[in-house]
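# Coordinate inspection notes
If you want the building blocks of each chain, they are given just below.
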Amino acid sequence: MSYFSYFPNVYVGEGVTDDESVKYRLVKNIFRKVRARDDLNEYATLFEAYEVKDGDTPSSLAFELFDDQFLDWVIVLINDMVDIYSEWPKSLTDLEAYTKEVYEDPDAIHHWETNEVLWNNVVYLKEGIEVNESFRAVMPDGTTKTKAESIYAISNYEHEYYLNEKKRQIVIPRASMVDLMVEEIEELVQYEPHIELDEFNNKKTPISLASRFLNNIGSATYQSPVSTQEISDITFDYGQTSSTDAGVATSTTTSAGVGTVTTTTTSTTTSTSSSTSSSSSSSSSSSSSSSSSSSSGSSGSSGSSGSSGGGSGYGY
């Protein structure tokens, strides 16, 4: 039997239109998962070491070793593989293509590793420890090894090749272990007793009809809150408001011994959302009176106009 044939079923809701009731479809519950026990590696007699060759696949190994290609899941599960595409070793051809795709320059330096360094014929520094380029081996007598004696460079391709070779080392369960796994998997992936299970042990969680009216992306009637229509103008209505701005500005210019005072008065302005009052007429009258006083040319008229302008205040 294939791997997912052991898995239980579950009803999932389908998208419906507004005039339909909720529909369900019976599918395999692929979210169920089992894994090998962590302590199984302690039982060496239950497994055999195997080195994956180019061209080997889980199904081809299962057929070669167990006479059943559908037992490929046994090899994958016992080696704790989740993503078969990235965790199964690549062929050399695929590895070269992968390296060229991932790295701009496959021959560029990926990292540095230590050389084996001896001291009195005893390994003082192990080979293959990843270090920085600036690392130098310092001996017990205080001497320092050169860069060439201390480290060597690993290219991008060499790094990926090493990782790929590690993936080739897997374990194959013996026949007795395979039989035990086949017996246990269906029991392990099954549901615990629950009120949502029907007579055939299929799980069905009722879906509320009200959910289609909620802001749920999975709902058939869901509409995005972001509008794609172009907004040409935006207006705001804050209700009835009022503001008051008042001010008097006075400037004096003296020319040829004759004092001329020009007064400009900005009267108080009151505005509401429905009407705006302006004092432009008052300002005009003030300006005309100032002009008449300046044409008289007498100092008394100038003083009168100046005191009149300075003391004037218009408001509503």
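Residues numbered from 1 in each chain as written. Predicted model: local features only at pLDDT ≥ 70, side-chain atom pairs only at ≥ 80, totals over all residues. Heavy atoms only, no water.

### Notes on the overall build of the chain
For the chain, the helix and strand inventory stands at 9 helices and 12 strands. Burial analysis of the chain (316 residues in total) assigns 25% to the buried set. Counted over contacts in the chain with a minimum sequence separation of 6, partners at least 24 positions apart contribute 59%. Just so you have it, the chain exposes about 21,800 Å², and 52% of that area is on carbon and sulfur atoms. (Helix = DSSP H or I, 4+ residues; strand = E, 2+ residues; numbered from the N terminus. Buried < 20%, exposed > 50% of the residue type's maximum accessible area, 1.4 Å probe, protein only. Contact = heavy atoms within 4.5 Å. Areas by Shrake-Rupley, 256 points an atom, 1.4 Å probe, with all protein chains shown as cover.)

### A closer look at the sheet that holds strand S8 (residues 151-155)
If you trace the 3 strands from one edge of the open sheet to the other, you get S7-S4-S8, paired in antiparallel fashion. Here the strands that pair on one side only, and so sit at the sheet edges, are strand S7 (130-131) and S8. Inspection of the sheet shows strand S4 (residues 109-114) paired to S7 by 2 bridges, in the antiparallel sense. Each bridged residue has a counterpart across the sheet, and for Glu113 the counterpart in S7 is Glu130. Together, S4 and S8 form the strand contacts of helix H6 (residues 156-167), whose direction differs from that of S8 by roughly 80°. (Pairing = 2+ DSSP bridges. Axes fitted to C-alpha atoms, helices over the stretch in contact; angles between N-to-C directions.)

### What about the sheet that holds strand S1 (residues 9-14)?
Strand order in the open sheet made by the 3 strands is S2-S1-S10, with mixed pairing throughout. One side of each edge strand has no neighbouring strand; the edge strands of this open sheet are strand S2 (23-28) and strand S10 (203-204). Where S1 meets S10, 2 bridges bridge the pair, whose relative direction is parallel. Each residue of the ladder has a partner; that of Val10, found in S10, is Lys203.

### Thoughts on a negative patch on the surface
Residues Glu104, Asp105, Asp107 and Glu158 make up a contiguous surface patch of negative charge. You can see Asp107 is positioned in the loop between helix H4 (92-102) and S4. (Patch = residues over 30% accessible without salt bridge, like charges linked within 9 Å, V, L, I, M, F, W, Y side chains within 5 Å. Salt bridge = Lys/Arg side-chain N within 4 Å of Asp/Glu carboxyl O. Lys, Arg positive; Asp, Glu negative; His and termini not counted. Charge placed at Lys NZ, Arg CZ, Asp CG, Glu CD.)

### Side note on the pattern of salt bridges
On inspection of all chains with the given rule, the structure shows 7 salt bridges. Arg174 is the partner of Glu48 in a salt bridge, and the nearest nitrogen-oxygen pair spans 2.9 Å. A residue pair is termed long-range when its members are at least 10 positions apart, and Glu48 in strand S3 (residues 47-51) and Arg174 in the loop between strand S9 (169-173) and helix H7 (175-189) qualify at 126 residues. Residue classification places Glu48 among the partly exposed residues on the basis of a relative accessible area of 41%. Residue classification places Arg174 among the partly exposed residues on the basis of a relative accessible area of 37%. Among the salt bridges present, the one from Glu165 reaches Arg168, with a minimum N-O distance of 3.0 Å. Judged by relative accessible area, Glu165 falls into the partly exposed class, the value being 22%.

### Observations regarding the nonpolar core
One finds Trp73, Ile75 and Ile170 to be the most contacted residues of the largest nonpolar core, which totals 27 residues. Looking at this core, the elements that each hand over two or more residues are S3, helix H1 (58-66), helix H2 (72-78), S9 and H7. No other element matches H2, which puts 6 residues into this core. (Core = buried A, V, L, I, M, F, W, Y, C linked by side-chain atoms within 4.5 Å.)

### Description of the packing of H4 against H6
Where H4 meets H6, the closest approach of the two axes is 10 Å, and the angle between their N-to-C directions is 135°. With respect to their mutual orientation, H4 and H6 come out oblique. H4 and H6 meet at a crossing whose hand is right-handed. Counting all contacts with H4, which are made through Leu92, Leu95, Glu96, Tyr98 and Thr99, the residues of H6 involved are Asn156, Tyr157, Glu160, Tyr161 and Asn164. Residues belonging to the contact of H4 with H6 are distributed by class as follows: 5 nonpolar, 3 polar and 2 charged. (Parallel < 35°, antiparallel > 145°, perpendicular 65-115°, else oblique. Left-handed = near helix turned anticlockwise from the far one by under 90°. Nonpolar A, V, L, I, M, F, W, Y, C, P; charged D, E, K, R; others polar.)

### Some points on a nonpolar patch on the surface
A contiguous nonpolar surface patch, about 390 Å² in accessible area, is contributed by Phe4, Ile30 and Phe31. Examined against the element boundaries, Phe4 turns out to sit in the segment before S1. Exposure remark for Phe4: the relative accessible area of 42% places this residue in the partly exposed category.

### Overview of the environment of Glu127
Turning to its location among the elements, Glu127 is positioned in the loop between strand S6 (122-125) and S7. The class for Glu127 is exposed, based on a relative accessible area of 52%. Spatially, the C-alpha atom of Glu127 lies 9.4 Å from that of Ser150, the residues being 23 residues apart in sequence. Those residues within four positions of Glu127 in sequence are excluded, and the remaining contacts are Thr114, Asn115, Glu116 and Tyr152.

### Brief notes about the packing of aromatic side chains
This model, assessed by the stated rule, comprises 6 aromatic pairs. Relative to Phe4, the ring of Tyr3 lies with its centre 5.1 Å away and its plane at 70°, an arrangement referred to as edge-to-face. You can call Tyr3 partly exposed: its relative accessible area is 22%. Where Tyr3 meets Phe7, the ring centres are 5.0 Å apart and the plane angle is 65°; that geometry is what we call edge-to-face. Among the residues examined, Phe7 registers a relative accessible area of 2% and is labelled buried. Cluster of aromatic residues (ring-pair linked, three or more members): Tyr3, Phe4, Tyr6, Phe7 and Trp73. A cation over an aromatic ring shows up here: Lys90 above the ring of Tyr98, its NZ or CZ 4.6 Å from the ring centre. Residue placement shows Lys204 over the ring face of Tyr24; its charged tip is 4.4 Å from the ring centre. (Phe/Tyr/Trp six-rings, centres within 6.5 Å; stacked < 30°, edge-to-face > 60°. Lys NZ or Arg CZ within 6 Å of the ring centre and 35° of its normal.)

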